[in-house]
Amino acid sequence: MAADLETLFTLHRAWREAVPYENLDIQLGRPISLDPDALFDKLVRRRRGGYCYEQNAGLAMLLRLAGFQVTMVEAGVMRAARGEAMWGNHNALLVDLDGRRWLADAGIGDGFVEPLLLHEGPQTQGNLTYRLERLDPDTWRFHHYPSGTITSYDFRLQPRGIADFAARSRELSTSAESTYVTTLMAARPTAGHTLVLLSRTLRQLGADGRTSRAIGDADEFARTLSTQFLVPLDDLGQSGVARLWEKTGTQDDLWRARVSDTT
């Protein structure tokens, strides 16, 4: 397999479609490890997913193994609205190829499916349009499509390692005030839309807006995790799935308040 543009797009799309964005271990109180061996075990051997730090560390490993030059960078989701404290709450990847640089990112649940060329202006994938804006020589802003789960995130060009995000990952995966702790999340792109599970609400997001419906019972919840988000239920365990269903019963009001505050 050649480390060319076609391969980059194929691997990025395949990762986004096959590796679900999810925070189920955080919901179950299981520690999040950013150690490469632990990530390989979780994402590859056990066929699980993860949240942004896990997703982009795993994607970086895959792209590097395929021969790509990959730089991990620091990002800040919602920095435009909430300020400098947002730096480090996200990471992203830059891929240098044939004299051009591409933004790769598997860590936004309803994010772009194929890499974006690092240049200012709109870029369309399917029926969704994203936009990149250069804020200064070393800082860029990614603008999501209008009905996306976030409005934007900023990222810096300076190289970072996954270990640089360990402290922030511990904070976001354990703090009682963290969205990842208060709200079950899963997301996966499919057929021109992205399916997003927030607690017991299943949403479909796309250029034509959002639709949502409630998950009716524990059996439907388990089927949704397995079939729609490709989560192997045996890795969670029967008691784990039951615990997740129980926890989500009190979460809907929390995520609705957070969503209305960020979109």
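Residues numbered from 1 in each chain as written. Predicted model: local features only at pLDDT ≥ 70, side-chain atom pairs only at ≥ 80, totals over all residues. Heavy atoms only, no water.

### Comments concerning helix H4 (residues 52-65)
Going by this rule: Helix and strand definitions follow DSSP, with helices as H or I runs of at least four residues and strands as E runs of at least two, each counted in order from the N terminus. A helix is expected to span 1.5 Å for every residue after the first. Burial here depends on accessible area, computed with a 1.4 Å probe over protein chains only, as a share of the maximum for the residue type. Under 20% is buried, over 50% is exposed, and the range in between is partly exposed.
Taking 1.5 Å as the rise per residue, H4 with 14 residues should run 20 Å; its terminal C-alpha atoms sit 20 Å apart, in good agreement. Within H4, 10 of the 14 residues are buried, which leaves the element mostly enclosed by the surrounding structure. When H4 is considered as a whole, its buried residues turn out to be Cys52, Tyr53, Glu54, Gln55, Asn56, Ala57, Gly58, Leu59, Ala60 and Leu63. Trailing H4 by a residue or two, Gly67 shows a phi angle of about 100°, which is positive.

### Comments concerning the packing of helix H3 (residues 36-45) against H4
Counted only if it meets this: Under this scheme, a helix contributes an axis fitted over its contacting stretch, all axes are lines through C-alpha atoms, and angles between N-to-C directions fall in the 0 to 180 degree range. What sets the label is the angle itself: under 35 degrees gives roughly parallel, over 145 gives roughly antiparallel, 65 to 115 gives roughly perpendicular, and the rest give oblique. A contact between two residues is defined here by any heavy atoms of the two lying within 4.5 Å. Any residue that is not Ala, Val, Leu, Ile, Met, Phe, Trp, Tyr, Cys, Pro, Asp, Glu, Lys or Arg is counted as polar, Gly included; the first ten are nonpolar and the last four charged.
Contact geometry for H3 and H4: axes closest at 10 Å, N-to-C directions at 95°. With respect to H4, the axis of H3 lies roughly perpendicular. Facing Pro36, Leu39, Phe40, Lys42 and Leu43 of H3, the residues of H4 in contact are Glu54, Ala57, Gly58 and Met61. Tallied by class, the residues present in the contact of H3 with H4 amount to six nonpolar, one polar and two charged.

### Some details on the pattern of salt bridges
Spelled out, the test is: The salt bridge criterion pairs a side-chain nitrogen of Lys or Arg with a carboxyl oxygen of Asp or Glu, the two atoms within 4 Å.
Within the structure shown, the criterion is met by 19 salt bridges. Of the charged contacts, one joins Asp96 and Arg101 as a salt bridge, the two residues approaching to 2.9 Å between their closest N and O atoms. Here Glu220 makes a salt bridge to Arg213, at a shortest N to O gap of 2.6 Å. One network of salt bridges, in which partners are shared, links Glu22, Asp25, Arg30, Asp41, Lys42, Arg46, Arg48, Glu54 and Asp235.

### Quick word on the sheet that holds strand E7 (residues 128-136)
Short version of the rule: Strands pair, by our definition, only if DSSP identifies at least two bridges between them.
Taken together, eight strands build an open sheet; the order of strands is E5-E4-E3-E2-E9-E8-E7-E6 and the sheet is antiparallel. Of all the strands in the sheet, the pair left with one neighbour each is strand E5 (116-117) and strand E6 (121-125). In terms of strand pairing, E7 meets strand E8 (residues 139-143) through five bridges, oriented antiparallel. Within the sheet, the bridge partner assigned to Asp136 lies in E8 and is Thr139. Here helix H1 (residues 5-18) sits on the sheet and contacts strand E3 (90-97) and strand E4 (100-104); the angle it forms with E4, its principal contact strand, is near 5°. Strand contacts of H4: strand E2 (69-77), E3 and E4, with the helix running at about 20° to E3, the strand carrying the most contacts.

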